[in-house]
Amino acid sequence: MKTKTLITAIFILTSINLFAQGPGGRGGRGNGNQQRGEKPSASKILEMLDVNNDKVIDKDEASNDRRGKISEDFAKIDTNEDGVIDLDELEASLESMDKPREISAEKVLKEVDDNEDGLLNELEVAAKDRRELINNFKIIDTDEDGQLNLEELKTFYSSMKKEKR
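Residues numbered from 1 in each chain as written. Predicted model: local features only at pLDDT ≥ 70, side-chain atom pairs only at ≥ 80, totals over all residues. Heavy atoms only, no water.

### Quick notes on the overall build of the protein chain
We apply this condition: In DSSP terms, a helix is any run of H or I states spanning at least four residues, a strand is any run of E spanning at least two, and both are numbered starting from the N terminus. Residue contacts are defined here by distance: any two heavy atoms, one from each residue, within 4.5 Å place the two residues in contact. Exposure was quantified through the Shrake-Rupley algorithm and a 1.4 Å probe, taking into account, for residues, occlusion by the shown protein chains and nothing else.
On a plain count of helices and strands, the protein chain comes out with 10 helices and two strands. Taken from the N to the C terminus, the helices and strands of the protein chain come in the order α-α-α-α-α-α-α-β-α-α-β-α. Here the analysis covers contacts within the protein chain between residues at least 6 apart in sequence; of these, 35% occur between residues at least 24 apart. Approximately 12,300 Å² of the protein chain is accessible, and the part contributed by carbon and sulfur atoms is 53%.

In structure tokens:
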């Protein structure tokens, strides 16, 4: 009886494993060319979304993007404003997404400054969960007044940018 139970358990585990792998044992990842976690290339995205094979993505085709980013950012990606996204525009868009975004001290101040006094105190920073500011507050506060002003923020973000290089 134990042997029959063991065989049944092995059969069930094998079946679950095969099911989890998906068609062809590739975990359900289509043709298997793209590795898990790897971003598809611009040409692959174009190939997937260009239903009518005219080598561009129109707004209707963009709406078929599962993540919705191309449809959502269509106007931004279509830099020549011709109503379609070509391979060059798609490549440029993907390249800009890979670049680290520059943090604007002015934007941070505007987003975090709840009382709109042009200064950030530790409570405001903590409330917005700005970790980089929380962890470096005393270092950033060079005039030691317990608040961060625009110049202190600019200096801090400028030094962070230099460190990343």
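Let us keep going from here.
### A few points about helix α9 (residues 131-140)
What counts here: Burial classification: accessible surface area is computed with a 1.4 Å probe over protein chains only, and a residue below 20% of its type maximum counts as buried, one above 50% as exposed, and the rest as partly exposed. By construction, the arc corresponds to the directions joining the helix axis to the C-beta atoms.
Residues of α9 that are buried include every one of E132, L133, F137 and I140, and no others. For α9, the angular spread of the buried residues around the axis is 140°, confining them to a single face. Among the exposed residues of α9, those pointing more than 90 degrees away from its buried face are R131, N135, K138 and I139.

### Examining unusual backbone geometry
The phi dihedral of K55 falls on the positive side, at around 70°, and the residue is not glycine. Mapped onto the secondary structure, K55 falls in the loop between α2 (42-49) and α3 (59-62). You will see that E81, though not glycine, has its phi angle at about 55°, which is positive. Positionally, E81 belongs in the loop between α5 (74-77) and α6 (87-98).

### Focus: the nonpolar core
Convention followed: Definition of nonpolar core: a set of buried residues of the types Ala, Val, Leu, Ile, Met, Phe, Trp, Tyr and Cys, connected through side-chain atoms within 4.5 Å.
In terms of nonpolar packing, the biggest core is built from 14 residues, with L120, V125, L133, L148, L153, F156 and Y157 touching the most fellow members. Elements with a contribution of two residues or more to this core: α7 (105-112), α9 and α10 (150-164). When residues no more than four places from it in sequence are discounted, the contact partners of L120 are L109, V112, D113, V125, L133, F137, G146, Q147, L148 and L153. One finds I45, L46, I57 and L90 within the second-largest nonpolar core, a separate group that totals 11 residues.

### Re the pattern of salt bridges
To keep it simple, the criterion reads: Here, a salt bridge means any Lys or Arg side-chain nitrogen found within 4 Å of an Asp or Glu carboxyl oxygen.
Considering all chains together, one arrives at nine salt bridges under this definition. As a salt-bridge pair, K69 and E72 come within 3.8 Å of each other at their nearest N and O atoms. Residue K69 and its partner E72 are both found in helix α4 (residues 69-72); the two are separated by three residues, about one turn of the helix. For E72, a relative accessible area of 60% corresponds to the exposed category. The partner of D73 in a salt bridge is K69, and the shortest N-O contact between them spans 3.3 Å. The exposure class of D73 is buried, given its relative accessible area of 17%. By relative accessible area, K69 is classed as partly exposed at 34%. One salt-bridge network, held together by shared partners, links K69, E72 and D73.

### A word on α7
Taken together, the buried positions of α7 are occupied by A105, V108, L109 and V112. One face of α7 carries all of its buried residues, which in axial projection span an arc of 100°. Facing away from the buried side of α7 by more than 90 degrees, the exposed set consists of K107 and K110.

### Section: the environment of I85
Of note, I85 is situated in the loop between α5 and α6. In the structure, I85 is positioned 23 residues away from A62 in sequence and 8.9 Å away in space, judged by C-alpha atoms. If we ignore the near neighbours within four places in the chain, the residues touching I85 are L46, V56, I57, I70, F74, I77, D78 and L90.

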